[in-house]
Amino acid sequence: MIDDSQTFDRPPAALSTRRVWLLFAAIFLAIYFASLFSPPLLDDVDAAHAQAAQGMSETGDLITSKINGIRYIEKPPLPYWIVAGMYRIFGQNTFATHLPNALAMLALTWLAWIWGRRAWGDRAGFYAGLAVLTSVGPFLFTRFIIPESILAFFLLLALYGLITGLESHKPVWIYWMWASVALALLTKGLIAPVFFFGAAIPYLLLTGQWRKWKALRPFSGLLLFLAIAAPWHILCGIFNPDQGHPIGNHPTLGNVHGFFYFYFINEHVLRFFGLRYPHDYNKMGFATYWLAHLVWLFPWSLFLPAALVTAWKTRRTWLQHLRHDAGQTVDFYLDHAMREDVASYVVRLKFRVRTIWLLSLFSAWTLLFFSISTNQEYYTFPVWPPLFILIAGVMADIELRCGENGARPALSTAWLTGAQAVFAVIGVISAATLGWGLWTSRHLPFVSDIGTLLAHRGVGDYTLSMSHLFDLTGPSFAALRLPAILAAIALLLGPAVGWLLRLKGRHLASTVSVALTMTVFFVAAHIAFARFEPMLSSKQLADTIIQKGTPADTFIIYGEQSSGSSVIFYTHKFFSGRPALLVLPRCGQHGEGTTLLWGSCYPDAPDIFLSNEKLGAIWGTGNRKWIFAEDPDRDRVEQVLAGRLYPVQTIADKTLWTDRPLP
């Protein structure tokens, strides 16, 4: 994606760093920081992972994470350590839980800006930072506590450490590389070094820099890597050994593989091949997987065709500046180094080419890996920032070099204008759709509990993170009027204004308008997301228990803990840390209790599992009991406890009962 037959100059007037970061800060505050306070923690993975951090914060056990008192050793600990630290500072709340993800996005913005600016210039760095902050994928998948944004930062930092350490001959960057890979390993597991070395090794071979293997500090760097990554793995294996006589991949009560098998074999190797037990995950279809990236990278994916066509048109020059001994003649460099000395020009040109190769290799390898493996929509998150940097470089190159003395980029600005026109068309269609929804729902009353208006279609059996989007119905639109109006205005005006600016040649303003349009749209989207609280979170039920119950009461979930995990989190201190009881087979042999299945098979797991018979026996005895169930289990609860249930509260598809009348 470089046309070395043309002038290679920085923009004549650099963008003000102060103004750039004032805009970055404003966008970050609007999209990420303001959203840290609502909605409350969501059921399932959000509150479940928060429970793991909650336990670490209170017990100081940084080795074995636990959810509802049960071992949960399938995930690396670093995200839980960070959130546990936030709890010590800010308390156990939504803000502290989601703050690390938001800070990781700010760090990614900084690193994309640094890298883009060094490779292409100030404008490219500016655009790369804007893209990180205002794209759909990062916005969607930082609404709950998953480690992808943190992983993406450490992997991007490792890649930058590799290229900078070799180009600048600064060992400190090489050590940052080793440390970042280790921290990425503690964030997401073995895929972190697999992704990094899967790109780094081909890059070193292509550039010929493998000959500088001593500069990579393989011995001291590996020691640093092991010093950071190994202790937790070793200690977790020691504290969570095999129990009994485990056979095969299905644990039984008292016979369960320990950490080393469960974590490395079941959670990594067998997950890749779709053989992990229990099978509580899904895989996107091949076409859906690839096309979905146009959504996750939107609106900057609109400029992806320009990047791909530029790469194709300049394919013959890719190797000319890649290797240390490759390049053009001295006369070429003298003719084209118009504003700086030849040495600086050559160094900068080679850094750009190597940046393109390294980020492209990393992106291609990671995307291919997850196209084969089991996957979720957000698994390719680490690829998105590198792609934003590449897209930003092409955009800035086209904008800045068009019209200079005899210089033309590989593509004309018509490609950018066309992309902006497509954005304008998408904006009009989206605004019209939102307007139609507002018009058709104009006579419908506002209903705060949007969950009662949703369909339950179970797309992907709700194992894909975006499955609930398919539950939207016409009547539910009446609860989303404010965010719909805000989004419609932004999508109608913003893209159209940007297109007009592009036609007038005001390219910088046009690109900024894309980011500002998405900023307003994301503010509206988060307002809408918060309206889904009754469906996605059970905090209201937790508040009811705290208001009307006593610490001596017992909380019971009919089914898996994940269905009411936010109730467990928010009542944790109220019940003095006592775990909730679960009406579920312990160490179920049919995948029951998937989150806690392996941990519940340990012989020393707390006795929190009830059968229907035992539930019936304890119901109405001793201190007050509360029971929670989702709609699929509601009839079963009413059958098992017929005539002895006192309804307390229903929100969306969740109901809370007690065993005696409330005072």
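As the structure is a computational prediction, the values presented were derived from the model and not from experiment.

Q: Could you give an account of the overall build of the chain, naming the residues involved and the relevant values?
A: Looking only at helices and strands, the chain features 25 helices and eight strands. Looking at the chain residue by residue over its 663 residues, the buried ones come to 58%. For the chain, the accessible surface area stands at approximately 26,700 Å², while carbon and sulfur atoms represent 66% of it.

Q: Lay out helix 17 (residues 414–440) with the relevant residues and their values.
A: Taking 1.5 Å of rise per residue, 27 residues should cover 39 Å, and helix 17 covers 39 Å from first to last C-alpha, within 8% of that figure. Each element contacted by the buried residues of helix 17 is listed here: helix 16 (384–401), helix 18 (481–503) and helix 19 (507–531).

Q: Give me the lowdown on the state of the cysteines, citing residues and values where you can.
A: The tally for this structure, following the rule as stated, stands at one disulfide. Between Cys587 and Cys601 runs a disulfide, and the two sulfur atoms are separated by 1.8 Å. The disulfide joining Cys587 to Cys601 has a torsion of about 90° about its S-S bond and is therefore right-handed. One end of the pair, Cys587, is in the loop between strand 4 (581–583) and helix 23 (597–600); the other, Cys601, is in the loop between helix 23 and strand 5 (609–610), and 14 residues separate them in sequence. No difference in accessibility class separates Cys587 from Cys601, as the two residues are buried.

Q: Which residues make up the packing of helix 2 (residues 45–59) against helix 3 (residues 78–90), and what are the values?
A: Two numbers describe a pair of packed helices, the interaxial angle and the distance between the axes. At a minimum axis separation of 8 Å, helix 2 and helix 3 run at an interaxial angle of 65°. Note on packing geometry: the crossing formed by helix 2 with helix 3 is right-handed. Where helix 2 approaches helix 3, its residues His49, Ala50, Ala52, Ala53, Gln54, Met56 and Ser57 are matched on the opposing element by Tyr80, Trp81, Val83, Ala84, Tyr87 and Arg88. A class-by-class count of the residues in the contact of helix 2 with helix 3 yields nine nonpolar, three polar and one charged.

Q: Any chance you could break down the nonpolar core for me, citing the residues and the numbers?
A: For soluble globular proteins, nonpolar side chains are generally found buried alongside one another. Formed by 187 residues in total, the largest nonpolar core has its most connected members in Trp115, Leu162, Phe555 and Ile627. What Trp115 contacts, discounting residues up to four positions off in sequence, is Leu156, Leu159, Tyr160, Ile163, Phe351, Thr355, Leu358, Leu359 and Ile389. Of all hydrophobic cores here, the second largest spans eight residues; its members include Ala431, Ala487, Leu491 and Ala524.

Q: Summarise the pattern of salt bridges; cite the residues concerned and give the values.
A: Opposite charge on two side chains lets them pair, provided their charged atoms get close. Across all of its chains, the model carries 15 salt bridges by this definition. Of the charged contacts in the structure, one is a salt bridge between Asp604 and Arg71, with a shortest N-O distance of 2.8 Å. In this pair, Asp604 is assigned in the loop between helix 23 and strand 5 and Arg71 in strand 2 (residues 70–71), connecting sequence segments 533 residues apart. Assessed through its relative accessible area of 16%, Arg71 is described here as buried. Salt-bridge contacts for Arg276 lead to Glu74; the nearest nitrogen and oxygen are separated by 3.5 Å. With Arg276 in the loop between helix 11 (259–272) and helix 12 (286–296) and Glu74 in the loop between strand 2 and helix 3, the pair connects residues that are 202 residues apart, well separated along the chain. Using a relative accessible area of 3% as the deciding quantity, one classes Arg276 as buried. By relative accessible area, which is 11% here, Glu74 ends up buried.

Q: Lay out the confidence of the model for the chain in plain terms, naming residues and giving numbers.
A: Per-residue confidence for the chain gives a mean pLDDT of 88; residues scoring 70 or more make up 87%. A low-confidence stretch, residues 4–12 (pLDDT under 50), is modelled with 35 contacts involving residues beyond four sequence positions or located in other chains. Within the model, the stretch residues 403–407 combines pLDDT values under 50 with six contacts to residues more than four positions away or in other chains.

Q: I'd like a rundown of the packing of helix 1 (residues 17–33) against helix 5 (residues 122–133), residues and numbers included.
A: Axis separation between helix 1 and helix 5 bottoms out at 10 Å; the angle between their running directions is 5°. On the basis of the axis angle, helix 1 is roughly parallel to helix 5. For the pair helix 1 and helix 5, contact is made by Val20, Leu23, Phe24, Ile27, Phe28, Ile31 and Tyr32 and by Gly125, Phe126, Gly129, Leu130, Val132 and Leu133, respectively. Looking at side-chain class alone, the contact of helix 1 with helix 5 contains eleven nonpolar, two polar and no charged residues.

Q: Describe the side chain of His526, listing the residues and the values that go with them.
A: Relative to the helices and strands, His526 is located in helix 19. When its relative accessible area of 11% is taken as the criterion, His526 is described as buried. In contact with His526, not counting residues within four places along its chain, are Ser35, Ser38, Pro39, Phe139 and Arg143.

Q: Would you mind going over the pairing of strand 7 (residues 646–651) in detail, with residue names and values included?
A: As paired elements, strand 7 and strand 8 (residues 654–658) share five bridges and run antiparallel to each other. Bridge assignment links Thr650 to a residue of strand 8, and that residue is Thr655. What sits between strand 7 and strand 8 in their antiparallel hairpin is a turn of two residues, with Ala652 showing a positive phi close to 50°.

Rules and cut-offs
- Residues numbered from 1 in each chain as written.
- Predicted model: local features only at pLDDT ≥ 70, side-chain atom pairs only at ≥ 80, totals over all residues.
- Heavy atoms only, no water.
- Helix = DSSP H or I, 4+ residues; strand = E, 2+ residues; numbered from the N terminus.
- Buried < 20%, exposed > 50% of the residue type's maximum accessible area, 1.4 Å probe, protein only.
- Areas by Shrake-Rupley, 256 points an atom, 1.4 Å probe, with all protein chains shown as cover.
- Expected span 1.5 Å × (residues − 1).
- Contact = heavy atoms within 4.5 Å.
- Disulfide = S-S within 2.5 Å.
- Axes fitted to C-alpha atoms, helices over the stretch in contact; angles between N-to-C directions.
- Left-handed = near helix turned anticlockwise from the far one by under 90°.
- Nonpolar A, V, L, I, M, F, W, Y, C, P; charged D, E, K, R; others polar.
- Core = buried A, V, L, I, M, F, W, Y, C linked by side-chain atoms within 4.5 Å.
- Salt bridge = Lys/Arg side-chain N within 4 Å of Asp/Glu carboxyl O.
- pLDDT = per-residue confidence, 0-100.
- Parallel < 35°, antiparallel > 145°, perpendicular 65-115°, else oblique.
- Pairing = 2+ DSSP bridges.

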